[in-house]
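Fold and geometry: a report
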Amino acid sequence: MIKAWNRLPKIARKLLQYGFVIVFWLAVWMVAALAVGESLLLPSPLEVLARLGVLALRGEFWMTILTSLGRILYGVFFALLLGVILAVATHFVPFLYTLFYPLITVVRSTPVASFIILAYLWIDRDTLPSFIAILMVLPVVWANLHEALGDVDKQLLEFGKVFGFSCLKILRRIYLPSVIPAFMASCRSSVGLAWKAGVAAEILIVPAISIGRMLSDAKQYLETVDLFAWTLAVILLSLLLELCLLFLIKLIKGRKKGAITVKEVANRG
């Protein structure tokens, strides 16, 4: 049996492993639901999947999904841009690091719920999820990129200047290969966090069209099956976002040009 397993293609083994894990936890869920015996408290996975299928056939479902997704991704993209700018600025102007570090520390340390409640005093409910996504992503991107910029080989930079590399070439062949792994790691760790925090913000401030409103309404009217179905939709979307991001990371890694070495600089000199 072990030999037969080892003869399977690697992708087939992975799919079988993932399939077993999914079936195992669905079985645990089913047993727990049967033990409780009340859908109001714990619906079965079959009930939830059936309800999710019904919701997925409605245009309102997809409008809600895309609206929430658009809000949060807008905040993520803005945070990535702002994080890159802030990391570059604080790296080349050390005083700015000292100036902004307390603010970033406060953002990282304050509970998300506190930010949601405070920000709602000044920001409308449709914009607030984007703002919360920015707060979740910005500190991660800034910290990782600032550290990556500080770890760039100083000797390599000196060689590049000595042998007349242009600023563009230094950026493309020295800085970018050094910071792209940190940037990608930041994206991977912060996108899921931004998604969860953005949905949490929607639950608290209930925008007119949002996943948070659907979850809040399901809880208020004790529609437990709907509550589980929308929660499952959030989980599946989070997994889809991560898979898309991993694909993008692999694509960039496959196409990017490697960092130049000291030996290469010397040979070109």
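Up top is the structure.
A brief report on the enclosed structure follows.

The rules we used
- Residues numbered from 1 in each chain as written.
- Predicted model: local features only at pLDDT ≥ 70, side-chain atom pairs only at ≥ 80, totals over all residues.
- Heavy atoms only, no water.
- Helix = DSSP H or I, 4+ residues; strand = E, 2+ residues; numbered from the N terminus.
- Buried < 20%, exposed > 50% of the residue type's maximum accessible area, 1.4 Å probe, protein only.
- Contact = heavy atoms within 4.5 Å.
- Areas by Shrake-Rupley, 256 points an atom, 1.4 Å probe, with all protein chains shown as cover.
- Patch = residues over 30% accessible without salt bridge, like charges linked within 9 Å, V, L, I, M, F, W, Y side chains within 5 Å.
- Salt bridge = Lys/Arg side-chain N within 4 Å of Asp/Glu carboxyl O.
- Axes fitted to C-alpha atoms, helices over the stretch in contact; angles between N-to-C directions.
- Parallel < 35°, antiparallel > 145°, perpendicular 65-115°, else oblique.
- Left-handed = near helix turned anticlockwise from the far one by under 90°.
- Expected span 1.5 Å × (residues − 1).
- Bend = angle between axes of the 7 residues up to and from the residue.
- Core = buried A, V, L, I, M, F, W, Y, C linked by side-chain atoms within 4.5 Å.
- Arc of directions from axis to C-beta.
- Phe/Tyr/Trp six-rings, centres within 6.5 Å; stacked < 30°, edge-to-face > 60°.

Attention now moves to the overall build of the protein. Broken down by element type, the protein carries 12 helices and zero strands. Each helix and strand of the protein, placed in order from N terminus to C terminus, yields the pattern α-α-α-α-α-α-α-α-α-α-α-α. Scored against the burial criterion, the 269 residues of the protein give a buried share of 34%. By sequence separation, contacts in the protein at least 24 residues apart represent 72% of the contacts at least 6 residues apart. A total of about 16,300 Å² of accessible surface is found on the protein, and carbon and sulfur atoms cover 71% of it.

With that out of the way, let us pick up a nonpolar patch on the surface. Taken together, the side chains of V84, V88, F92, V93, F95 and L99 define a hydrophobic patch exposed on the protein surface, amounting to about 540 Å² of accessible area. If you list the elements that add at least two residues to the nonpolar patch, you get α4 (59-92) and α5 (94-109). Considering each element in turn, the nonpolar patch owes the most residues, three residues, to α4. Along the chain, F92 turns up in helix α4.

Before going further, it helps to spend a moment on the packing of helix α6 (residues 112-119) against helix α7 (residues 128-150). How two helices sit against one another is set out by the angle between their axes and by the gap between those axes. Running from N to C, α6 and α7 point in directions that differ by 140°, and their axes come no closer than 10 Å. On the basis of the axis angle, α6 is oblique to α7. Viewed along their axes, α6 and α7 form a crossing whose handedness is right-handed. Seen from α6, the contacting residues are V112, F115, I116 and A119; seen from α7, they are L128, F131, I132, L135 and M136.

All right, on to α5 then. If you check α5, its first and last C-alpha atoms are 23 Å apart, about what 16 residues at 1.5 Å a residue would give, namely 22 Å. Where α5 bends most, at F100, the angle is about 40°, and the proline P102 comes one to four residues later.

In the structure shown here, the tally under the stated rule is four salt bridges. One salt bridge connects D226 with R51, and the closest N-O pair in it is separated by 2.6 Å. Taken together, the residues span a long stretch of sequence, with D226 in helix α11 (residues 224-255) and R51 in helix α3 (residues 45-56) at a distance of 175 residues. Note that R188 and E242 form a salt bridge whose closest N and O atoms lie 3.8 Å from each other. A residue pair is termed long-range when its members are at least 10 positions apart, and R188 in helix α9 (residues 167-205) and E242 in helix α11 qualify at 54 residues. Classification of R188 by relative accessible area gives partly exposed; the value is 45%. The structure contains a network of salt bridges with shared partners spanning R71, D126 and E202.

The next point concerns unusual backbone geometry. With glycine set apart, most residues show a phi of negative sign, and most peptide bonds adopt trans. One non-glycine residue, V206, lies in positive phi territory at about 40°. Within the fold, V206 resides in the loop between α9 and α10 (211-220). Notably, L222 is not glycine yet its phi reads approximately 55°, a positive angle. Within the element layout of this structure, L222 appears in the loop between α10 and α11.

Here we come to the nonpolar core. Counting 58 residues, the largest nonpolar core has V76, I132, W195, I211 and W230 as its most contacted members. Of all the secondary-structure elements, those providing two or more residues to this core are α3, α4, α5, α6, α7, α9, α10 and α11. Ranked by residues supplied to this core, first place goes to α9 with 14 residues. Setting aside residues no more than four positions away along its own chain, W230 makes contact with L55, F61, T64, I65, I211, M214 and L215.

Where α6 is concerned, the buried positions are F115, I116 and A119. The buried residues of α6 occupy an angular sector of 100° when the element is viewed end-on, so they sit on one face. As for α6, its buried residues are in contact with α5, α7 and α9.

Time to look at the packing of aromatic side chains. Aromatic ring pairs are reported here in terms of the distance separating the ring centres and the angle at which the planes meet. Inspection of the entire model under this criterion finds eight aromatic pairs. Following the ring pairs from residue to residue traces out a cluster consisting of F20, F24 and W25.

Glancing now at the environment of S130. Along the chain, S130 falls in helix α7. Setting aside residues no more than four positions away along its own chain, S130 makes contact with R71, Y74 and G75.

Next up on the list: the side chain of E202. Checked against the element boundaries, E202 lands in helix α9. In this view, E202 contacts S68, R71, P129, P207, S210, I211, G212 and R213; residues no more than four positions away in its chain are not counted.

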